[in-house]
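Descriptive analysis of the structure
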Amino acid sequence: MKKTSFSRKLLYSLWVMGVILLPCTSMAQDAFELKAALTYNFAKFTQWPESRLNETSAWEICYFGNQYHDSFMGLSNKKLATQPVTVIQLSDISKIEQCDVVFIDANSRGLTHRLLLAVENKAILTVSDISGFEMQGGMIEIVEQDKRLYFKVNMQVLEASGLKISSQVLKLALEVKR
Amino acid sequence: MLKLNITFYTALLGVFASTNSIAAESNSLDLSLQELLNVEVTSVSKQKQPLSNSPAAIYVVTSENIHNSGATSIPQALRDVPGLHVAQIDSQKWAISSRGFNGRYNNKLLVLMDGRTLYSPVFSGVYWEVQDTLMADIERIEVIRGPSAAMWGANAVNGVINIITKHSADTSGGYAELGAGDYEQGFAGFRYGSTLSDNATSRMYVKGHNKDSLEHDQQDLGDYLVGPSTSVDKDNDWTHLQVGGRVDIELETGTSLMLSSDWYRTQMQQTSYYPTLVGPSYLEYNSDEVNSDGFNLLSKFTKALSPTSQYSLQTYYDYAKRDDDWYGFSSETLDIDFQHQLLLGQNHNIVWGLGYRFIKDDFDPSTIIVSSESASTRTNLWSTFVRDEMTLIDDELWLTLATRVEHFDYTGFEIQPNIRLMWQLNKKNNLWASVARAIRTPSRVENNLSVNAQNIPPSVESPLVSIWVAGNENYQSEEIISYELGYRVTPAKKWSFDSTIFYNDYDQLRSALNSTTDFSTFPNYISQYLTFENDLKGHNYGFEFSSMWAATDDLQFKLNYSFIQNEFGENQSQNTDAPEHMLSTMMDWSITDDIDLNLVWRFMGDAYVINTNDLSTKTIDSYHGLDIGLHWAVTPDVLLSAFGKNLLHPAHLEYEGENYQFPYRVGPSYYVKASLTF
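Residues numbered from 1 in each chain as written. Chains lettered and ligands numbered in written order. Predicted model: local features only at pLDDT ≥ 70, side-chain atom pairs only at ≥ 80, totals over all residues. Heavy atoms only, no water.

**Observations regarding the overall build of chain A**
Just so we agree on the cut-off: The secondary structure listing takes helices from DSSP runs of H or I that are at least 4 residues long and strands from runs of E that are at least 2 residues long, numbered from the N terminus. Buried, partly exposed and exposed residues are distinguished by accessible area as a fraction of the type maximum, computed with a 1.4 Å probe on protein chains only: under 20%, between the cut-offs, and over 50%, respectively. In what follows, a contact means two residues having at least one pair of non-hydrogen atoms within 4.5 Å.
Of the regular secondary structure elements, chain A holds 8 helices and 10 strands. For chain A, buried positions account for 54% of its 178 residues. Across chain A, the fraction of contacts at a sequence separation of at least 24, relative to all contacts at a separation of at least 6, is 55%.

Okay, structure coming up:
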């Protein structure tokens, strides 16, 4: 009995140490979290049309991909300008027009044909980690290289849809298609 | 002591669990854009594997699984998929099946690569040795157990294997790999992907390998074969060379075109024995070189018409040629496939399609396989299908109705309907059920070829009897009606379970029970013809289970198990009973940022194969084995790997090929590999 309680104490200390020490060993982060955070930042540095800013409804950030559920839910207590953010998980294109921002993950490549047609010339910011997304007609493509995230911007598509993105953001881009 | 252990592990779990929760809480949302771009990403290549959400028994082999296992061929990548019986026959040949009926010429499994069927229309089945691509270019392999003919077409009786290669935008830059070992005597692969223009990406690859013979043990032969076979060479080594490429073009918003092509040449040593009219054994032993080559060209045009409507038009040409010792064969296939997806209202997701396939073949007969038709035959297959996935209750209940109508030259019209229901009880629990009918169309061998199966030496009572299995132009399709029930549960974020039970009712299965005798060559010998008919029936049932536990982001465990019980009576003349029990456990562990360890331990129960010489049943003993993969990322671009396969168990039979083939043993093997990205 005594032995058990000693070992319990020992293990408890180990556990506590583990909790404290392990997370400190690396500054690395889950790619899912980072992509959600990037998407939010892109939205923040976008100049939205006056008409959208005058609306009082919440900002709708939509995403595809079940595995991004937790990462995007973290955005739901954020704000853009003065309005709160609402996060919506989508599984098909039919409800896309209500969104202000759409993130589509690499597993949903098959949906991009209809998605890009649905948002064409609309003030909806499209972000994805699908390779070639910017080439397909998406606005911002997140790229993974050497354990870092980078992004490419397609200005032609942004301009056609009436969105502008801050020059601060463009400076950080890996590539800007004009 | 036991208690201590339990507490210790619980504490260890606590440590693992806490790492996760802390990582999740530290908020990257508060970082600036600049800061976000400076954070190192932990799980660059890792894709979390959420359970499938479709009402079918689906298992996905991801590119990461393939990378971890170091699989150098597609069959190797399919080992350990629950419900699949994957067995190596010799260096090149494999028998792969889902839910029983295994065989080198397994005719109840449909295999596709990027929409191109790999199922051979001649002998049925898949020549796995010539189905290849650069393993690093495979995005995923979807394995659907059970019939899904309504979506995929005839011969998707016991399952569909869908090999999907990466989009060329996902393979930009250079990749090279080089490896060698004992069985893997040497392999090399090279790929280069580039951006062709503003709207097009491409890749080219070349790969080749040399694999050693598997060992042959005389103990595995029947007594009557041992003596005369000692003088024949048992080599079964294998050389393969393949080149190919793919181009993806974005034509305009929502419209794309994909073109791909592959060419291969393969050389295999093969030892066979077959019946002759010459005594004393009336068997001839031969070692020869089999040559096979092939070419394919595929195009797929996809266009979105509106946000709720999209179609695709796929066309391909496939050429395959094989020069075997006992027959020669070439086929040309032209396939056109149109599909249209349409969302009607909020509740109907409809896909319908039309397809046409033309096959021209050329058969080169031998003394043991002859054709009653002309050497070259042409067949046409027309098909149409429709599937409606209906949402009955939002986010809770779905009903899928599907059916396919096909017209095939040999058998006429066939209807293959399917009904599926899925009920999402809550976020964690998901139930589905399916009833489906599927058919297996006859191959050329069953329609108009005759195969000399065996010669019975003359005796006092009888002259030499030459036994032939003969094709029958009235031979019909085999039929299955399958009932499935699936349950998926995710009790906690890091745990998932997927299970299926099934009952399959087979009818019109192949039989060869009735014979006619030809006395025209008496007294030299007489010929007995066993004609293919559809007189057998039977059923099987089973249970499949797979589970995953992500202990931490760096440590994952998997357990796959399947059970099957076959009830085909005693007259089963065509196929193999799969092992009743198949089990595999896997561990994927990222020990440090640069070192990964992957372990697989598997157990395969006894399997039963039909001895084609006397139609007796032969037991392939159960075996187990351990695979080890160790990966070291020397730099982000250079990876060194070492693999051990089939360890802990001496060389053993995994399977014995039907008709004329020698048995070979699979034993432990090792290889190392270096891969470079640039």
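Once you've had a look at it, read on.
**Describing the state of the cysteines**
Residues and elements named next belong to chain A. Formally: The criterion for a disulfide is a pair of cysteine sulfur atoms lying within 2.5 Å.
Applying the stated criterion across every chain yields a total of 1 disulfide over all chains. Across the disulfide, C62 is cross-linked to C99 (sulfur-sulfur distance 2.1 Å). Across the S-S bond of C62 and C99 the torsion is about -100 degrees, and the bridge reads as left-handed. Here C62, found in strand β2 (residues 59-64), pairs with C99, found in the loop between β4 (83-90) and β5 (101-104); they are 37 residues apart in sequence, far enough to count as distant. Here C62 and C99 have matching classes, each one buried.

**Concerning the confidence of the model for chain A**
This is how the line gets drawn: Per residue, pLDDT captures the predictor's confidence, and it can take any value from 0 to 100.
Of all residues in chain A, 84% have pLDDT values of 70 or greater, and the mean over the chain is 85. Confidence over residues 19-27 of chain A falls short of pLDDT 50; this stretch has 7 contacts with residues more than four positions distant or in other chains.

**Brief notes about the packing of aromatic side chains**
The cut-off we apply is this: Working definition: rings of Phe, Tyr and Trp (its six-membered ring) pair if their centres are within 6.5 Å, and the pair is stacked with planes under 30 degrees apart, edge-to-face with planes over 60 apart, and tilted otherwise. In this scheme, Lys NZ or Arg CZ marks a charge over a ring once it lies within 6 Å of the ring centre and within 35 degrees of the ring normal.
If you walk through the whole model with that rule in mind, you get 37 aromatic pairs over all chains. Ring centres of A:W48 and A:W59 lie 5.0 Å apart, and the angle between their planes is 55 degrees; this geometry places the pair in the tilted category. Of this pair, A:W48 sits in the loop between β1 (46-47) and α3 (50-54) while A:W59 sits in strand β2, and the two are 11 residues apart along the sequence. Assigned by exposure class, A:W48 and A:W59 land together as buried. Here the aromatic cluster, defined as three or more aromatic residues joined through ring pairs, consists of B:Y274, B:W326, B:Y327, B:F329, B:F363 and B:Y660. Between A:R52 and the ring centre of A:W59, over which it is positioned, the NZ or CZ distance is 4.1 Å. Positioned above the aromatic ring of B:F502, the side-chain terminus of B:R99 is 4.1 Å from the ring centre.

**Here's the deal with a nonpolar patch on the surface**
Residue and element names in this part refer to chain B. Note the following rule: The patches described consist of residues with a relative accessible area above 30% and no salt bridge, like charges being joined within 9 Å and nonpolar side chains (Val, Leu, Ile, Met, Phe, Trp, Tyr) within 5 Å. Note that accessible areas follow from Shrake-Rupley with a 1.4 Å probe, and for residues the cover is restricted to the protein chains shown. Between Lys or Arg on one side and Asp or Glu on the other, a salt bridge is scored when a side-chain nitrogen of the former is within 4 Å of a carboxyl oxygen of the latter.
On the surface, a nonpolar cluster with roughly 850 Å² of combined accessible area is contributed by F190, Y192, V206, L241, V243, W263, F295, L297, L676 and F678. Contributions of two or more residues to the nonpolar patch are made by β9 (184-197), β11 (238-252) and β13 (283-306). Within the secondary structure layout, V243 lies in strand β11.

**Some points on the nonpolar core**
All names here are of chain A. To be explicit about the condition: In plain words, nonpolar cores are sets of buried Ala, Val, Leu, Ile, Met, Phe, Trp, Tyr and Cys residues tied together by side-chain atoms within 4.5 Å.
If you look at the biggest cluster of nonpolar residues, it comprises 42 residues, and the most contacted ones within it are F42, F72, L125 and I140. A per-element tally of this core places helix α2 (residues 31-44) first, with 9 residues. In this view, I140 contacts F42, L125, T126, V127, S128, F133, F151, K152, V153 and I165; residues no more than four positions away in its chain are not counted.

**Regarding the pattern of salt bridges**
Considering all chains together, one arrives at 47 salt bridges over all chains under this definition. When the shortest N-O distance is used, the salt bridge between A:D92 and A:R114 registers 3.2 Å. Placement of the pair is A:D92 in the loop between β4 and β5 and A:R114 in helix α5 (residues 112-119), with a sequence separation of 22 residues. In this structure A:R114 comes out as buried when scored by relative accessible area, which is 2%. Across the salt bridge formed by B:K93 and B:D90, the nearest N and O atoms sit 3.1 Å from each other. Each of B:K108, B:R440, B:E446, B:E478 and B:R510 takes part in salt bridges that share partners, so that together they form one network.

**Overview of the sheet that holds β2(A)**
Residue and element names in this part refer to chain A. The condition that has to hold: Strand pairing requires that DSSP identify at least two bridges connecting the strands. Throughout, an axis means a line fitted to C-alpha atoms (over the contacting stretch in the case of helices), and angles, computed between N-to-C directions, take values from 0 to 180 degrees.
Ordered by their spatial adjacency, 8 strands build an open sheet running β3-β4-β2-β5-β6-β7-β8-β10, and the pairing between neighbours is mixed. Of all the strands in the sheet, the pair left with one neighbour each is β3 (79-80) and β10 (175-177). Note: strand β6 (residues 125-128) against strand β7 (residues 140-145), 2 bridges, orientation parallel. Bridge pairing in β7 links V127 to I140. Together, β3, β5, β6, β7 and β8 (148-154) form the strand contacts of α2, whose direction differs from that of β7 by roughly 145 degrees.

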